[in-house]
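Below are the chains, spelled out letter by letter.
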Amino acid sequence: MDLSVLHPVHSPERNYKWKDLLNSQKGHVICRLLEWSGWYNQDISQRLLGHYRLYQVFRVENDSNSHKSTLLTYIVSYKATHWLKYFLSSIVAAIYYVFTFGKRYTPFQIEGINRLLISDHPHILQAFLIEADKDFNNSLSKAVEQITSHNFLIKSENRLTLIQKRTAYSYIQNSSHYFNDYSTIQTIPNSIKGKEKGVFSKKQLLILLDILAENGAIEKIDYSKLNKFDAVATMLQAISGKSKDSILEQLKDTRNNGLYSFQNPAELKQLIITLTNLSDMFRNAGFRSVSNVLDRKLRELDKHY
């Protein structure tokens, strides 16, 4: 890892010996000490490095074979204790403000950005931690760009964001009202008006059939054949219990707009959530061939971020 990417000013006249020394630390105790001391709150890049170091420690301690489940658990666990760090940082910021006659305490500002990151935009942190092992500099640059964009200050349409929805519901079912079983009311325009918790929506059913077709298990629905829609709707009504008219409406909407289409970042995020729910559900049930196809779809959508 090239730690010079964290240097605020790239100049041979600047001495970053101690900064590089502390940033290179990987030990369990020292990383947590740097975290609680506020060392990682110097700037956004430093904050992301802190998450990277802490995540590596978390992976070793939990010794999980599943990179994804460890990542999700790390973010949920970090969020559970972050309120205390934020509270302590706010006290220091208040003292600093008084004794410097109104100056702002930069680490507290970064702590505030970190709070938004883990609460409203955990997908940015997730993508960074996944890609950092392969290319730290590029993933860091991408994450910093996303955090510093104006969209970062726009609160998610649904507080139950990607990372929270992907976490195993059994782990946190009784700890937070932000989490459901594996889905919430969908917000995709021109889709469904609402859905029962834990039951596939019409769009999810069509996605499932499409994934099974890609896996070679069944034939694909030919959306160009309108005369087949009635029979398809009858079959899906028997499977799901949903009204035939609403299924026909979904089939026509899919024919016109596509099954994986999106018009804006919010719709893209909701589509990723839908596919993620399906992937996790089938993986947990042991149908890895299905979840692997869904994961491939997710990787294709990740390129649009």
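Structure's up top.
Model, not experiment: these values are computed from the prediction. Starting afresh in each chain, residues are numbered from 1 along the sequence in its written order. Two thresholds apply to this predicted model, a pLDDT of at least 70 for residue-level local features and 80 or more for giving and counting side-chain atom pairs, whereas whole-chain, interface and lining totals are computed over all residues. Water and hydrogen atoms play no part in the side-chain values, which are based on all heavy atoms of the structure.

A pair is scored as a salt bridge if a Lys or Arg side-chain nitrogen falls within 4 Å of a carboxyl oxygen belonging to Asp or Glu. Taken as a whole and judged by the stated rule, the model has eleven salt bridges. Of the charged contacts, one joins E214 and R296 as a salt bridge, the two residues approaching to 3.6 Å between their closest N and O atoms. Of this pair, E214 sits in helix 10 (residues 202–214) while R296 sits in helix 14 (residues 288–302), and the two are 82 residues apart along the sequence. Given the relative accessible area of 31%, E214 is considered partly exposed. Classification of residues uses two cut-offs on accessible area relative to the type maximum, computed with a 1.4 Å probe and protein chains only: under 20% is buried, over 50% is exposed, and between them is partly exposed. R296 gets classed as partly exposed once you look at its relative accessible area, which sits at 35%. Between D230 and K244 there is a salt bridge, and its shortest N-O distance comes to 2.9 Å. Residue D230 is found in helix 11 (residues 229–240), and its partner K244 is found in helix 12 (residues 244–257); the two are separated by 14 residues along the sequence. Owing to a relative accessible area of 41%, D230 belongs among the partly exposed residues under this scheme. Connected via shared salt-bridge partners are E35, R47 and K85. Think of it this way: any DSSP run of H or I at least four residues long counts as a helix, any run of E at least two long counts as a strand, and we number them from the N terminus.

The next subject is the packing of helix 3 (residues 44–62) against helix 5 (residues 106–119). At a minimum axis separation of 10 Å, helix 3 and helix 5 run at an interaxial angle of 55 degrees. The angle between helix 3 and helix 5 places the two elements in the oblique class. As helix 3 packs across helix 5, the resulting crossing turns out to be right-handed. Contacts between helix 3 and helix 5 involve I44, R47, L48 and H51 on the former and, on the latter, I110, I113, N114, L117 and I118. All residues other than Ala, Val, Leu, Ile, Met, Phe, Trp, Tyr, Cys, Pro, Asp, Glu, Lys and Arg, Gly among them, are scored as polar; the first ten of these are nonpolar and the last four charged. In terms of residue class, the contact of helix 3 with helix 5 is built from six nonpolar, two polar and one charged. Lines fitted to C-alpha atoms define the axes here, with helix axes fitted over just the stretch in contact, and angles between the N-to-C directions of these axes take values from 0 to 180 degrees. Orientation categories follow fixed angle ranges, with anything under 35 degrees roughly parallel, anything over 145 roughly antiparallel, 65 to 115 roughly perpendicular, and all other angles oblique. Should the near helix be turned counterclockwise from the far one by less than a right angle, the crossing is left-handed, whereas a clockwise turn marks it as right-handed. The contact rule is simple, with two residues in contact once any of their heavy atoms fall within 4.5 Å.

A separate point is the environment of P265. Tracing the chain through its elements places P265 in helix 13 (residues 265–284). On a C-alpha basis, the gap between P265 and N151 in space is 9.6 Å, while along the polypeptide they are 114 residues apart.

So, about the nonpolar core. Think of a nonpolar core as a cluster: buried Ala, Val, Leu, Ile, Met, Phe, Trp, Tyr and Cys residues, connected wherever their side-chain atoms sit within 4.5 Å. Residues L48, Y74, L125, F128 and L129 are the most contacted members of the largest nonpolar core, which totals 32 residues. Broken down by secondary-structure element, the contributors of at least two residues to this core are helix 2 (28–37), helix 3, helix 4 (67–99), helix 5, helix 6 (122–132) and helix 7 (136–148). Ranked by the residues each element gives to this core, the list is headed by helix 3, at eight residues. Of all hydrophobic cores here, the second largest spans 28 residues; its members include L206, I207, L209 and A233.

Expected span of a helix: the number of residues minus one, times 1.5 Å. Counted at 1.5 Å a residue, the expected span for helix 3 with its 19 residues is 27 Å, and the 27 Å between its end C-alpha atoms agrees. Burial within helix 3 is extensive, with 14 of its 19 residues counted as buried. By the N-cap criterion, in which a side-chain oxygen at the helix start approaches the backbone nitrogen of a residue two or three places on, helix 3 is capped by D43, the distance to S45 being 3.2 Å. Phi turns positive one or two residues past the end of helix 3, at D63, with a value near 50 degrees. Pairing of N or O atoms within 3.5 Å defines a polar contact, subject to two protein rules: one partner must be a possible hydrogen donor and the other a possible acceptor, and residues neighboring in sequence count only if both atoms are side-chain atoms.

All right, on to a nonpolar patch on the surface then. Nonpolar side chains (Val, Leu, Ile, Met, Phe, Trp, Tyr) within 5 Å and like charges within 9 Å form the patches, drawn only from residues with over 30% relative accessible area and no salt bridge. Here the Shrake-Rupley method, with its probe set to 1.4 Å, supplies the accessible areas, and only the displayed protein chains count as covering residues. Judged by side-chain polarity, W36, W83, L84, F87, L88, I91, I95, Y97, V98 and F99 come together as a nonpolar surface patch covering roughly 1100 Å² of accessible area. Sort the elements by how many residues they give to the nonpolar patch and helix 4 lands first, with nine residues. Structurally, F87 is set in helix 4.

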